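These are the residues of each chain, in order.
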Amino acid sequence: MTMQRDLSGITPSGHLTLGNYLGALRRFVERQHTVDGFYFVADLHALTTKHDPAKHRELTTSTAALFLAAGLDPQRATVFVQSDVPAHVQLAYLLECTAHVGELSRMIQFKEKGGRPGTRASLFTYPCLMAADILLYGAQRVPVGGDQSQHVELTRDLAVRFNTLYGPTFVVPELEPTALTARVLDLQDPTRKMSKSDSDDAAGVVRLLDTPDVIRRKFRRAVTDSEGEVRYDPHAKPGVSNLLDILAALTGQGPVSLATTITGYGQLKDAVADAVIAELRPLQERHDELVADRPELARLLDIGRQRARETSTPVLDQAQQAMGITR
Ligand code: TYM
């Protein structure tokens, strides 16, 4: 029996957050043992909004190092950088020729940001690039947070449409139900998700590379409520419940039972900060080693580049054949 194939990416549009870790990266590391995993740094996706080339380069390298530092093993999983595999862009164009303007206009991210002056055309078309990322590898499952599920749905629609128009070519990925709940909220505004594209000094965003002092300060300042009672109630007490959710994710205990063991908000904040700092310490050390040893980082990413190219080339060929652009 062949192993199930998973694929997922993270866009280096800012320094990765605790949300990216708990919602995505840590799950990749867990799943690499049981699935045939493809995990990549979606560097081309970061070009859809205003960017600085030097910072982009640094973020791409640092994000790739974080993938490995978190425990992704290039011998087990395919770990790569999107732009190392030109087939992504090639297939994206074929999918732009499959997608309709109407469905792309309905994508939430485009509706939110697309009205601004200077909006890049790629912000409109990038769901086709994301669909290409997925379809190129015949991925059955796409582990992502709930904010990305609309894109996976579009990918399914495009795959089905392409297969119907041009003959069976793509595996139609499943929508992963568990992904819809995992969400780490902003510590200053626990009604919205923690986002890496917030400004670098945003107090509500915990970055994977923040120092222990900074992490502790951000948790100490986290917004709670005036009730003073530690209780898990995401609706009435979003700040406290978010802290309990983070602690639960890191300790493997349930947030409801954790709440009964903690008496005050100060104790809760210290416990979460301690758990986050302890979890991130080895990851930060390994990240710094890899970033300081570029040849080693390049060697590890080369393994993934080769495997990603080998896997995706036949699928791109088949899609080109099906559309009639090869002779
Ligand atoms: P991105 O870079 O915005 O997010 C990467 C992953 O992190 C999850 N995530 C969160 N999970 C929990 N709490 C949060 N606060 C939080 N913030 C982010 C996201 O759901 C996601 O799983 N377009 C994609 C990247 C991408 C991709 C792909 C993903 C490109 N091609 C193909 C899967 C398959 C993106 O921008 O994710």
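None of the values given here were measured: they were computed from a predicted structure.

K.L.:
A description of the nonpolar core should follow, citing residues and the corresponding values.
P.N.:
If you look at the biggest cluster of nonpolar residues, it comprises 57 residues, and the most contacted ones within it are Leu-25, Phe-67, Phe-219, Ile-246, Leu-268 and Val-276. Once residues lying within four places of it in the same chain are set aside, the contact partners of Phe-219 are Leu-18, Leu-187, Val-206, Leu-243, Ile-246, Lys-269, Val-272, Ala-273 and Val-276. With 37 residues, the next largest nonpolar core counts Val-85, Leu-94, Phe-124 and Ala-139 among its residues.

K.L.:
So, the domain arrangement of the protein: which residues are in play, and what are the values?
P.N.:
With domains assigned, the protein is organised as domain 1 (5-183 + 293-323) and domain 2 (212-289). Summarising the inter-unit geometry, the C-alpha centres of domain 1 and domain 2 are found 30 Å apart. Carbon and sulfur atoms supply 66% of the area buried between domain 1 and domain 2, which totals about 980 Å² over both sides. It is Leu-18, Tyr-21 and Ala-69 in domain 1 that bury the most area against domain 2; as a group they hold 43% of the surface buried on that side. For the pair domain 1 and domain 2, the number of links is zero salt bridges. Between domain 1 and domain 2 we count four residue pairs in polar contact (both at pLDDT 80 or more) in total. Where the side of domain 1 that touches domain 2 is concerned, the elements lending two or more residues are α1 (18-31) and α2 (53-69).

K.L.:
So what about the site of the ligand? Which residues, and what values?
P.N.:
As a structural note, the neighbourhood of the ligand is formed by 26 residues, with Asp-133, Gly-145, Asp-147, Val-184 and Lys-196 the closest of them. Here Gln-148 contributes a side-chain N or O atom positioned 3.2 Å from a nitrogen atom of the ligand. Protein burial of the ligand: of its 720 Å² of free accessible surface, 95% is covered by the chains. Mapped onto the shell around the ligand, the elements with two or more residues apiece are β1 (5-10), α1 and α6 (121-135). For the shell around the ligand, the residue count by class is twelve nonpolar, nine polar and five charged.

The rules behind the values
Residues numbered from 1 in each chain as written. Predicted model: local features only at pLDDT ≥ 70, side-chain atom pairs only at ≥ 80, totals over all residues. Heavy atoms only, no water. Core = buried A, V, L, I, M, F, W, Y, C linked by side-chain atoms within 4.5 Å. Buried < 20%, exposed > 50% of the residue type's maximum accessible area, 1.4 Å probe, protein only. Contact = heavy atoms within 4.5 Å. Domains from an automatic or database assignment. Buried area = accessible area lost by both parts, 1.4 Å probe. Salt bridge = Lys/Arg side-chain N within 4 Å of Asp/Glu carboxyl O. Polar contact = N/O pair within 3.5 Å; in protein donor to acceptor, adjacent residues only side chain to side chain. Helix = DSSP H or I, 4+ residues; strand = E, 2+ residues; numbered from the N terminus. Near = heavy atom within 4 Å. Areas by Shrake-Rupley, 256 points an atom, 1.4 Å probe, with all protein chains shown as cover. Nonpolar A, V, L, I, M, F, W, Y, C, P; charged D, E, K, R; others polar.

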